[in-house]
Amino acid sequence: MGAGILVTRSHSLWDLNKMLRYTQTFEFSKPMLTLLLAVALAAGPIGIAAAAGASPVNIVVSPGTDRAYRYVSLDNGLTAVLVSDPNTDKAAASLEVAIGAGSDPRERAGMAHFLEHMLFLGTQPFPQPGEYQQFLTTHGGSSNAYTAYEQTNYHFDVDADQLAPALDRFAAFFVSPLFTDDLVERERNAVHSEYTAKIKEDGRRYFDALKQVVNPEHPFSKFTVGNLDTLSGDNLADEVRQFWTQHYSANLMTLGVVGREPLDSLERMVRERFSAIEDRRLTRQVVLEPMFTEQALGHTLAVQNLRDRRSLTLIFPTREIGTLYRTKPTSYIGSLVGHEGEGSLYSLLRQRGWAEGLSAGQGIANKDGATFMVGIELTPRGAEHRDQIIELVFEHIALIDRRGINHWRHREQGQILATEFRFLSDAPAQRHAMALASALTRYAPEDVMRGPFAWDQYDPDMIDTILGSLTPDNLLLSYSAPDVDGDLNSPWYDTPYSLTPIEPERLSRWTRARGVTQSFSTDLPSANPFVASAFDLESQSGHAGDTPDLLIQADNHQHWHLQDRQFLKPRADIYLRLATPAANATAQQSVATRIITRLIEEELNTQTYPARIAGLGFDVYRTLSGISLVAKGYSETVPKLASLVANAAADPQVDARAFELIQADMIRELKDQALDAPYEQLMQALPVALIDGYWSTADQLAAAEAITLTDVEMVWRRLLAESRVDVMTHGNLTDQQARVIADDLVQILRPASDAPAYDLPGVNQRFADGDRLASTIDHNDNAWLAYLPATDESSQSEALYRVLGQVIKTPFYTRLRTEQQLGYIVFAGYMPLISQPGLVFVVQSPETTPNDIELAAEAFWAEFSERTETMTMADFERFKAAVLTGLTEEDPNLSARSQRLWNTIGLQDAEFQRRGQVIQAVSDLRLESLRGLMQRLASGEGRLTITTVDDAVAAKSAQAR
């Protein structure tokens, strides 16, 4: 957990990045991922480069990829990166427009977001509102879009042989959208539903308050989602057309395309379709007003949370850093402020019981305003010591100022990133297309792949300049907690908040801390001993298949191994499982097991942090069958990390202070689940209702509040005494090397000689036809969920449910969401519970009652059952082909394959046969079987419904259960 830069522990920084909707596409250990996220944000937008006719651009690509790349610039100003991957199962495209919510008219908050919605609802060549989604679904694809402050991104993926017709539909969004009047009115309700669905999210509530401190003349101060009030009026259709005309132009668009075709063919596809987009010769919005005025600085913004979380955030306005992606001064500083190793600021705060997380790095990274942020997630005890914590932050910044600007540190981080880039794994097609479309606005064209990893220019003066802005007189301080009593309320999310000047004596104390020159309370990290240096690939041994061999099968442990022959990178993944029924037999044991996983992480955090910065990573998590331990990274060093993790798991010594912090945090988490979105709470209730031994939130909360340190120690010792051990090794390891690693790990964990057998729980069938469960949820929205489990776990049932899920998901969405506007959150499809196939249908609505949602769903099912009676064999075969594409899709990288294989072992398919059996069953599936399942769904037989209700109905439902 955690990282040196932009760690996800502090809600304010993490939620900021969610709000900005930046998408990172490459896979790393968590510290490396957050490091690169900060680096990418630090790059910022630098403009769309290279006009038509410019010299050819040679994109710097990772030596670890076999994909071919080409940069193209169309005559209308649109620029694109094309990626040819002959082995891809999916093609994808993403188009980014350099216009976002910051361009909304003052009188039309949410217009850019509303336009994003409207482009999905019909174009001149494809006028039907759901045609685009239906085409993609029929051909194994998906689509989405997001509106950020400075940009709007649209993206899709589809079966690789359907790229050309998918691009026909996609390009029409930007050439000839319809903006049909009745759909404009309808989609207002969808935007409003999106607004109300998230009105209790603390991240949105916090930023609504923060925007009241932003300079009102700056566009970042605006409400950006939109609702029925801001999108009202008779002329909305004309206004959205006008906004599209005034802001969407080819010269402000960037495109990423990934396909199986050669580059020449991809370029022809793009030129033929996207050259028709009009070049209106528009320019990006230029904002001269500062994001924060001098009057806003020197204040504390206190914001009331709904969740039981306390966050302290130091916000420092800085210069724009978009042109500094090769230097990365904010990333450099953030890595030293946010370090979690021995002697770090975080480790000191954690030792004192004051912090649960710390993040540091670029916060807002817009071309018209940027900030550096330090975010600390506080314990209740830490909330009482905020001034001391701030003093320590400034003292640590002073330490960096005095001793932290070193060429060797910059060179070490550059080496780590260069190594990551050298052995970069290919990202899935859609995520890669999105990253490329975005990268074209952030980096020079030749650096669209290398930009996040470029750290090749050491500029101590710029680092010093940024450090010079991290002072008390340039500070906006924010604190969020549930006990904040605000004297003001934010306008859109009704968030109580207050804004008060920081007292002069406090500022003076922090200024003195910022000026400290010796006797520091913290320390800076030394040279990282985990930086890898050996990258040789091992000679091949063992079998040449794509599933692991069972090298060892003993009474108390098993070891599977697969030497990688496809990705050919010096990486390896090591998985272990302590498997025993004792991990989940009671609610108390389940909670104790969760606490144990966190205690292991707590013990390892400080000593393994340098390893995680160097591209290694570990994870510890509870499953229904026990505890999984995972170590990933370079094959040279990952065995050492795996041994550290195993030793921590094998030593049931519980630190009282750590237990107290973890228990309190878990209780807060469980209580906060009552604030999850209504549909999320219904999804959580589903496995509780259908899986024996799946403990409810109430059961877990009662156990967490009652559990003691002694209870946890007893469960931990029992886990070790009764567990069998499963091991899987995968990657750049020979059979012999893997055996040595597994033997060492088994010796550490000492599995029980008489470990009891363990069978996964099944899905029960105790609910009669048409049964309903009700849940009381404190939210303005209603929610409804229906679930149809299969009657068995056979591969034939899985094939049938997968195909019907593929057939029905888009029509269900189109009818209930697009046409009937029952809610913003509407989805359906295949969803198994453990090994049991099933179909799920979900709607969350701000207005419609659960009963009316169900009536609409039943009417749809009845009509759709009739439609399946007339379905052609050609359509049926296309849906089957889409399912088969998903089942046979190649793993994009080593870690994805490792996770799939480990999940397969966890589902007790040790022979790895289920996937092939389901593929065969889909191929053999008959249309008559699909019609029969659709009739069963429409009849209500075996279907479970869970809804939100008022207190009286919920009490009656609970009594019935």
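Residues numbered from 1 in each chain as written. Predicted model: local features only at pLDDT ≥ 70, side-chain atom pairs only at ≥ 80, totals over all residues. Heavy atoms only, no water.

### With respect to the pattern of salt bridges
The final tally for this structure, using the stated rule, is 61 salt bridges. Arg571 is paired through a salt bridge with Glu420; the nearest N and O atoms lie 3.3 Å apart. Of this pair, Arg571 sits in strand β16 (residues 571–579) while Glu420 sits in helix α14 (residues 407–422), and the two are 151 residues apart along the sequence. Using a relative accessible area of 14% as the deciding quantity, one classes Arg571 as buried. Between Glu890 and Arg897 there is a salt bridge; the shortest N-O distance is 3.3 Å. With a relative accessible area of 40%, Glu890 lands in the partly exposed category. Since its relative accessible area comes to 7%, Arg897 is described here as buried. A single salt-bridge network, built from bridges that share partners, covers Arg309, Glu356, Glu377, Arg594, Arg598, Asp665, Arg668, Glu669 and Asp672. (Salt bridge = Lys/Arg side-chain N within 4 Å of Asp/Glu carboxyl O. Helix = DSSP H or I, 4+ residues; strand = E, 2+ residues; numbered from the N terminus. Buried < 20%, exposed > 50% of the residue type's maximum accessible area, 1.4 Å probe, protein only.)

### Some thoughts on the packing of aromatic side chains
Inspection of every chain in the model, using the stated rule, returns 33 aromatic pairs. On the basis of an interplanar angle of 75 degrees and a centroid distance of 5.2 Å, the ring pair of Phe841 and Trp861 is categorised as edge-to-face. Here the residue Phe841 occupies a position in strand β23 (residues 838–845), and Trp861 occupies one in helix α26 (residues 850–869), the gap between them amounting to 20 residues. By relative accessible area, which is 0% here, Trp861 ends up buried. Among the aromatic side chains, those forming a connected cluster through ring pairs are Phe120, Tyr132, Tyr154, Phe156, Phe170, Phe173, Phe174 and Phe274. Taking the ring centre of Phe135 as reference, the NZ or CZ of Arg169 above it sits at 4.0 Å. Directly above the aromatic system of Trp902 lies the positively charged group of Arg577, at a separation of 4.1 Å from the ring centroid. (Phe/Tyr/Trp six-rings, centres within 6.5 Å; stacked < 30°, edge-to-face > 60°. Lys NZ or Arg CZ within 6 Å of the ring centre and 35° of its normal.)

### Section: the nonpolar core
Counting 70 residues, the largest nonpolar core has Val81, Leu314, Ile333, Leu349 and Phe394 as its most contacted members. Among the elements that make up this core, the one with the highest residue count is helix α13 (residues 386–403) (nine residues). Both of domain 1 (68–275) and domain 2 (299–425 + 449–514) provide at least three residues apiece to this core. Those residues within four positions of Leu349 in sequence are excluded, and the remaining contacts are Trp354, Ala355, Leu358, Ile376, Ile389 and Leu392. Counting residues in hydrophobic clusters, the runner-up holds 60 residues, among them Leu578, Ala642, Ala646 and Val727. (Core = buried A, V, L, I, M, F, W, Y, C linked by side-chain atoms within 4.5 Å. Domains from an automatic or database assignment. Contact = heavy atoms within 4.5 Å.)

### Description of the UniProt feature "domain: Peptidase M16 C-terminal" (unreviewed entry) in the protein chain
Under the UniProt annotation, the feature "domain: Peptidase M16 C-terminal" (unreviewed entry) is placed at residues 237–409. The distance separating the terminal C-alpha atoms of residues 237–409 is 55 Å; by composition the span is 37% helix and 25% strand. (UniProt positions renumbered as here; feature names shortened; annotations may be inferred.)

### Structural notes on the UniProt feature "domain: Peptidase M16 middle/third" (unreviewed entry) in the protein chain
Per the UniProt record, "domain: Peptidase M16 middle/third" (unreviewed entry) is found at residues 421–703. Each end of residues 421–703 is marked by a C-alpha atom, and these two atoms are 46 Å apart; helix forms 39% of the span and strand 18%.

### Some thoughts on the domain arrangement of the protein chain
For the protein chain, the assigned domains read domain 1 (68–275), domain 2 (299–425 + 449–514), domain 3 (549–749) and domain 4 (772–959). Just the C-alpha atoms count here: the centres of domain 2 and domain 3 sit 31 Å apart. The interface is formed by 26 residues belonging to domain 2 together with 22 residues belonging to domain 3. The contact between domain 2 and domain 3 buries some 2,000 Å² in all, and 47% of this surface belongs to carbon and sulfur atoms. On the domain 2 side of the interface with domain 3, the three residues burying the most area are Arg307, Arg350 and Phe423, jointly 28% of the side's total. Our count for the domain 2 to domain 3 interface comes out at eight salt bridges. (Buried area = accessible area lost by both parts, 1.4 Å probe.)

### Examining the packing of helix α3 (residues 111–118) against helix α6 (residues 181–197)
Closest axis-to-axis distance for the α3/α6 pair is 10 Å, and the angle between their directions is 120 degrees. In terms of their interaxial angle, α3 and α6 are classed as oblique. The way α3 lies across α6 gives a crossing that is right-handed. Contacts between α3 and α6 pair His113, Phe114, His117 and Met118 from the former with Leu183, Val184, Glu187, Arg188, Ala190, Val191 and Glu194 from the latter. (Axes fitted to C-alpha atoms, helices over the stretch in contact; angles between N-to-C directions. Parallel < 35°, antiparallel > 145°, perpendicular 65-115°, else oblique. Left-handed = near helix turned anticlockwise from the far one by under 90°.)

### Comments concerning helix α20 (residues 656–672)
Taking 1.5 Å of rise per residue, the 17 residues of α20 would be expected to cover 24 Å, and the 24 Å separating its terminal C-alpha atoms lies within 8% of that figure. Along α20, the residues classified as buried are Ala658, Phe659, Leu661, Ile662, Gln663, Asp665, Met666, Ile667, Arg668, Leu670 and Asp672. Where α20 starts, the residue carrying a side-chain oxygen 3.2 Å from the main-chain nitrogen of Arg657 turns out to be Asp655. (Expected span 1.5 Å × (residues − 1). Polar contact = N/O pair within 3.5 Å; in protein donor to acceptor, adjacent residues only side chain to side chain.)

### Let's talk about the pairing of strand β7 (residues 299–304)
Among the six residues of β7, five are classified as buried, and the element is accordingly described as predominantly covered. Alignment of β7 against strand β11 (residues 476–481), held across six bridges, turns out to be parallel. Of the residues in β11, the one forming a bridge with Ala302 is Tyr479. As judged from the five bridges shared by β7 and strand β13 (residues 496–501), these two strands associate in the antiparallel manner. Across the sheet, residue Ala302 finds its bridge partner in β13, namely Ser498. (Pairing = 2+ DSSP bridges.)

### A few points about the sheet that holds strand β9 (residues 355–366)
Pairing between the strands of a sheet is mediated by backbone hydrogen bonds and can be parallel or antiparallel. An order of β9-β10-β8-β11-β7-β13-β12 is seen for the seven strands of this open sheet, with the pairing classed as mixed. Among the strands making up the open sheet, the edge pair consists of β9 and β12 (488–489). Note that strand β8 (residues 310–318) and strand β10 (residues 369–378) share nine bridges and pair antiparallel. Paired with Ile315 across the strands is Met373, a residue of β10.

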